[in-house]
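# Working through the structure, step by step
As a plain string of letters, each chain reads:
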Amino acid sequence: MKTISLTVDGRAISAPEGQTVLEACIAADIHVPRLCFDSRLEPYGGCRLCVVEIEGMRGYPTSCTVLAADGMVVTTQSPDLHSMRTTVVELLLSDHNISCLSCDSSGRCDLQDLAYEFGIETPRYAGETHKVDLEDDNPLIARDLTKCIACGRCVRICEEVQGASVYGYHGRGFNVLPNTPFGGSLTESGCEFCGQCVSTCPVGALTDRRAHFRARAWETQKVESICGYCGVGCTVSYEVKDGRIVRASAPLGRGVNGGNLCAKGRFGWSFTHHPDRLTTPLIRKNGVLVEASWDEAISLVAEKLGAIVAQSGPQSVGGLSSAKCTNEENYLFQKFLRGAIGTHNIDHCARLCHSSTVSGLAASFGSGAMTNSISDLAQAQVALVIGSNTTEAHPIIGNELTKAARRGLKIFVIDPREIRLVRQASGWLQLKPGTNVALINAMMRVILDEGLANREFIEARTEGFEALETMLLALDLDDAAETCGVPLDAIRTAAIAYASAERATILYSMGVTQHSSGTEQVRAVANLAMLTGQIGHPGTGVNPLRGQNNVQGACDLACLPNCLPGYQPLTNRGTLDRFCDYWESDVELPETSGLTVVEMMDAAVSGELKALYIMGENPVLSDPDQTHVLEALESLEFLVVQDIFLTETTAYADVVLPAATFLEKNGTFTNTERRIQLVNKVVDAPGQALPDGEIIVALSSAMGLAMDYDSPSEIMDEMSAVTPQYGGISYRRLREIGGIQWPCPDDDHLGTPILHTKTFTRGRGEFAPVTYRPAPDSPTEQRPFVLTTGRHLWNFHTNTMTGASGGLRELNPSGYVELNPRDAKELGVCDGDMVRITSSHGSLDVPVHVCTSQHSPRAGVAFMPFHFADAPANRLTGGELDPICKIPDLKVTALSITRIEA
Amino acid sequence: MSECSCTSSQSPEFDATALEAILSSGSTVEGALVPILQASQDAYGYLPRPALEMIARSLRLPLAEVYGVATFYAQFHLEPRGKHIVRICHGTACHVRGATEITDVIVGELGVEVGSTSEDLSFTVESVACVGCCGLAPVVLIDGETHGGLSTQAARRIVSKLQREQTQ
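Residues numbered from 1 in each chain as written. Chains lettered and ligands numbered in written order. Predicted model: local features only at pLDDT ≥ 70, side-chain atom pairs only at ≥ 80, totals over all residues. Heavy atoms only, no water.

## Details of the interface of chain A and chain B
Spelled out, the test is: We call two residues in contact when some of their heavy atoms are within 4.5 Å. Here the quantity called buried area is the accessible surface, traced with a 1.4 Å probe, that two parts lose on coming together, added over both. Note on definitions: salt bridges are taken to be side-chain nitrogens of Lys or Arg within 4 Å of carboxyl oxygens of Asp or Glu. For the purposes of these results, a polar contact is taken to be a pair of N or O atoms within 3.5 Å, where, inside protein, one atom must be able to donate a hydrogen and its partner to accept one; residues adjacent in sequence count only when each atom of the pair is a side-chain atom. Helix and strand labels come from DSSP, where a helix needs a run of H or I of at least four residues and a strand needs a run of E of at least two; each type is numbered from the N terminus. When residues are sorted by character, Ala, Val, Leu, Ile, Met, Phe, Trp, Tyr, Cys and Pro go into the nonpolar class, Asp, Glu, Lys and Arg into the charged class, and all the rest, Gly among them, into the polar class.
Contacts between the two partners involve 25 residues from chain A and, on the opposite side, 20 residues from chain B. Both sides of the chain A and chain B interface together cover about 1900 Å² of buried area, and 61% of this is carbon and sulfur. For chain A, the biggest contributors to the area lost against chain B are Arg 172, Phe 182 and Thr 852 of chain A; these three give 34% of the whole. Run the count over chain A and chain B and you get 0 salt bridges. The tally of links from chain A across to chain B stands at 6 residue pairs in polar contact (both at pLDDT 80 or more). Of all the secondary-structure elements, those providing two or more residues to the side of chain A that touches chain B are β6 (168-170) and β34 (843-850) of chain A. Counting residues per element, the side of chain A that touches chain B draws most heavily on β6 of chain A, at 3 residues. Considering only residue class, the side of chain A that touches chain B consists of 12 nonpolar, 10 polar and 3 charged.

Shown next as structure tokens:
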């Protein structure tokens, strides 16, 4: 990028081309007063405070809207400018509810700072003031428009970054204020409660209601860490007073989120201070969980597991690790099960979300992770978003898509539901659940027919194309369109746009993976990218969005039954021995894979698996076929659950160990784009609760495999020694250069933002022709609906954390089944009516949500979030597993729905 | 996020036929919003909420934006309007020559506050800035017809006549 030179207040500064004068000044640490500017927003020029003098220009241009140019001579301070700015601030103050004594923004209010800067003791002007009566009924965002300065930052961030457009400028002249349509409450106006408006409001008009009167701005200490919800891995700054978190915000310009946060990240931390947190170990005595000491609990677990290993062998023990925990803890967890117990029976929730990604992309490309970075989405011209409700499940990536769409990115949403991203999209392909393969094959056939296949790329970088081509040429396009239920024209438009774009990317998530043909669906996606050569450079790639904050890391560090850290195969005796030697373990590890989650449940029922150690998972809600899971847990001889709360799963535990939350420990998380980032302890854990890693260390040592680390940093050093992708990762480097994307093989390596740039990890990319297979549990006459499960913006996973975070909890407190208005009408049900829904696995009574959109979900599709214990969607799911990765089919379950008479 | 589709989005009192015709004949190109709002107001006499919601959906614009435009222009009305529109000029000249007293008389006579509409939808009374005929001050516009040089008695006479005509 070209650098330009300009002079500001007699000082020579330089700036990259494209920066505004204001941005150049900020970068050079030159103070220019401003109110309507936020680096996250598009230039606006509303408040007239950043006016400057520029030689050769008439008048006083606003520096936030003028691009810096070579040779420009700028003056930011002069008597004229001072006088104009003072007048602006005085005018704003004349209509400002000055209540700094108890205003929650006092000490961080830009207007307060400007009044001080310009020495305004009493406002010079008096006149009409705004009197605003607001519908303000929500638990999170407090609005007081008597303090509003009408800078429009809330309106713009809601539109430009969030894409929600809840606020608008209403009225004219003096009466213009940002408000919702018809002055409705935020709740009824479609607010997403991301609090982005709170984060950008320069005064006290929009504040975090939950922080009111809890701490003055200068009383808190800020600790920066990584959010523990989804896989985006946002940088969050937590403000702490007296050992308790008061509020959370995102530092501008830092981390993958660059100052943005979603509802969960901003408001979802108070669970950590919840009175129901587990504070001591619990041991079941006479059927009841009673408090115990750590010594007692650890001895009991060691003794019981030891006895079961001695009696039934190491393969009778299994462990479920947690994608919520740190890399260090996941590494220790598998080290404990492999090195101390001697089993590969280790798995975690990735089995149920992206195991098909790991198997499918590993086969096609050689590496089962997101190929590109979040930040390079901005460079794409076309994005296919397949089976990902991005704005709800990965909200900050949703923001990136929204911003890019404003700059011309064409988004094609492929989803049975009219997800929020459809508003920003150029096209919406509303396919039938489970028909991705038919759709993608049809797109590839169109691309072939149109001559848009990238023959050069196919020739140079891939193998196996002939078989794919043969399969595609035999495809009947009309049949395929009929199968997936999408008009052929729409398929053609999306295919041509994707293939002919210079840079096009694919984002996908569980709408692709959670099928018994998940691996095949992922391979179809990979085929599409390779056919067009849309991989290996910025703005392209195949990008699976990973669900949990550290699911990538838990996979990388081998909390999986079929590999060792860094995806090293366990079928090689030498590798196994090398690990055991390194760990100073004398166990004999098998050369065959252990059991996956679902297989462990089967083995428990059949009696082969006798003990299960669960760290931070809640399979009773998160795993398919709840009845079977309950049977499995009841069949176990010994169940240890380590968690932060009592959960639906601890109800079956013999021992419950109290763990620390991600806010109470140090370590690292690896986000969805393979970025390893430091997690810092924000507050102390309550009572005797301990970080999961410390519990594993105590348990392992009690069972004879000594673990001796002074800090998580030492565990990282061991991990990087045995995990090739993490070879160059150390806490020192993470502190110095921030997050690093693996592979990072050595200390001089800065990480890898884009995979497969020159060659694929496996050498040549492998095409695998896959043909559409109907989902095994497709609708029948008795069960005419398709149940598809998913997520909600305000809830996370089994709601353990979000359901214990006041404010967030109230927004979407309980389960429901979503139907489209026509299906609801045919069933004779209205919003809120109860229905009985029944699959071959179970039955539930649940209230109906009728969508406001006439078109969503697709006719015949019922959608349920899986978060809620009161309506556990997974009581209805189950059935066939993908033969390769063992992921269950969670997106297509045949369902009958009947109205329950009140 | 969902609400019962039985009630809200298709309001039973709102007859969408006219709006559907406007939306299907009018183009949905960028910039079509103001003409569509004008045509809708012509059809319904004002801009009912369900109409704004339908326009937003159809043009794929945020409701906040449509509402913003509708509240920005003085020509658009979000509440039902009276059959007769009484506009009282409050420009400088009219103000000096007794617009306030005239307003009191008209409000008293019609029983309608400034800026509102009578319950039977007969009259809407509005205060406007200069209407551009200061020589005739004080001025009242009734259904577009100018009445100038008014005394309070004259103003009372005119609106009483209007009221009589309305009740006949």
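Next comes the rest of the write-up.
## As for the sheet that holds strand β1 (residues 3-8) of chain A
Let me state the cut-off plainly: If DSSP finds at least two bridges between two strands, the strands pair.
With respect to topology, 4 strands assemble into an open sheet ordered β2-β1-β4-β3 (chain A), the strand pairing being mixed. With one partner strand each, in any of the chains shown, β2 (11-16) and β3 (53-54) of chain A form the two edges of the open sheet.

## Quick word on the sheet that holds strand β9 (residues 221-226) of chain A
Residue and element names in this part refer to chain A. In plain terms, the rule: Axis definition: a line fitted to C-alpha atoms, over the contacting stretch in the case of helices. Angles run 0 to 180 degrees between N-to-C directions.
One open sheet holds the 3 strands; their spatial order is β9-β10-β11, and the pairing between them is antiparallel. With one partner strand each, in any of the chains shown, β9 and β11 (244-249) form the two edges of the open sheet. Each strand axis lies, on average, 35° off the axis of its neighbour in the sheet, ignoring direction. Here 6 bridges tie β9 to strand β10 (residues 235-241), and the two strands are oriented antiparallel to one another. What sits directly across from Gln 221, in β10, is Val 240.

## Side note on the packing of helix α4 (residues 153-161) of chain A against helix α12 (residues 395-406) of chain A
Residues and elements named next belong to chain A. Definition in use: Should an angle fall under 35 degrees it is taken as roughly parallel, and over 145 as roughly antiparallel, whereas 65 to 115 is taken as roughly perpendicular and any remaining angle as oblique.
The contact between α4 and α12 brings their axes to 8 Å, and the two run at 90°. One way to sum up the angle between α4 and α12 is to call them roughly perpendicular. Across the interface between the two elements, Glu 159, Glu 160 and Val 161 from α4 touch Asn 399, Thr 402, Lys 403 and Arg 406 from α12.

## Some points on the domain arrangement of chain B
Put simply, the rule is: Each domain's extent is set by a domain assignment, obtained either automatically or from a database.
For chain B, the domain assignment lists domain 1 (8-72) and domain 2 (84-167). Taking the mean C-alpha position of each, domain 1 of chain B and domain 2 of chain B sit 31 Å from one another.

## Observations concerning the nonpolar core
All names here are of chain A. Spelled out, the test is: The definition of a nonpolar core used throughout is a set of buried Ala, Val, Leu, Ile, Met, Phe, Trp, Tyr and Cys residues joined through side-chain atoms within 4.5 Å. With a 1.4 Å probe rolled over the protein chains alone, any residue whose accessible area is under 20% of its type maximum counts as buried; one over 50% counts as exposed, and the rest are partly exposed.
Formed by 105 residues in total, the largest nonpolar core has its most connected members in Tyr 238, Phe 271, Leu 305, Phe 336 and Leu 401. For Leu 305, the contacting residues outside a window of four places in its chain are Val 317, Phe 336, Ile 341, Ala 611, Phe 638 and Met 703. If you look at the next biggest cluster of nonpolar residues, it comprises 56 residues, including Leu 431, Ile 440, Val 446 and Met 471.

## Structural notes on the pairing of strand β3 (residues 123-128) of chain B
All names here are of chain B. The element β3 is extensively covered by neighbouring structure, given that 5 of its 6 residues are classed as buried. Two elements, strand β1 (residues 84-89) and β3, share 6 bridges in a ladder whose sense is parallel. Within β3, the residue paired with His 84 across the bridge is Phe 123. Two successive antiparallel strands, strand β2 (residues 116-117) and β3, enclose a turn made up of 5 residues, where Leu 121 displays a positive phi of approximately 60°.

## Focus on the environment of Glu 65 of chain B
Residues and elements named next belong to chain B. As for its position among the elements, Glu 65 is in helix α4 (residues 63-72). What makes Glu 65 partly exposed here is its relative accessible area of 35%. Each C-alpha atom, one on Glu 65 and one on Leu 33, is 10.0 Å from the other, the two residues being 32 residues apart in sequence.

## As for the packing of aromatic side chains
Spelled out, the test is: Note on aromatic pairs: the rings of Phe, Tyr and Trp (six-membered ring only in Trp) are paired at centre separations within 6.5 Å, and the planes decide the class, stacked below 30 degrees, edge-to-face beyond 60, tilted for the rest. Lysine and arginine charges are scored as sitting over a ring when NZ or CZ, respectively, is within 6 Å of the ring centre and within 35 degrees of the ring normal.
For the structure on display, the rule yields 14 aromatic pairs over all chains. Between Phe 182 of chain A and Tyr 67 of chain B, the aromatic rings sit 4.6 Å apart at their centres with planes inclined by 50°, giving tilted as the arrangement. Of this pair, Phe 182 of chain A sits in the loop between β7 (177-179) and α5 (196-200) while Tyr 67 of chain B is found in helix α4, placing the two residues in two different chains. Here the aromatic rings of Phe 336 of chain A and Tyr 613 of chain A are separated by 5.9 Å at their centres, their planes lie at 85°, and the arrangement is edge-to-face. Remark: Tyr 613 of chain A occurs in strand β24 (residues 611-615) and Phe 336 of chain A occurs in helix α8 (residues 327-341); sequence separation between them is 277 residues. Exposure class is identical for Phe 336 of chain A and Tyr 613 of chain A. Each is buried. In this structure an aromatic cluster arises from ring pairing among Tyr 331, Phe 579 and Trp 583 of chain A. Cation over ring: Arg 172 of chain A sits above Phe 72 of chain B, and NZ or CZ is 4.7 Å from the ring centre. Here Arg 674 of chain A stacks its cationic end above the ring of Trp 742 of chain A, 5.9 Å away from the centre of that ring.

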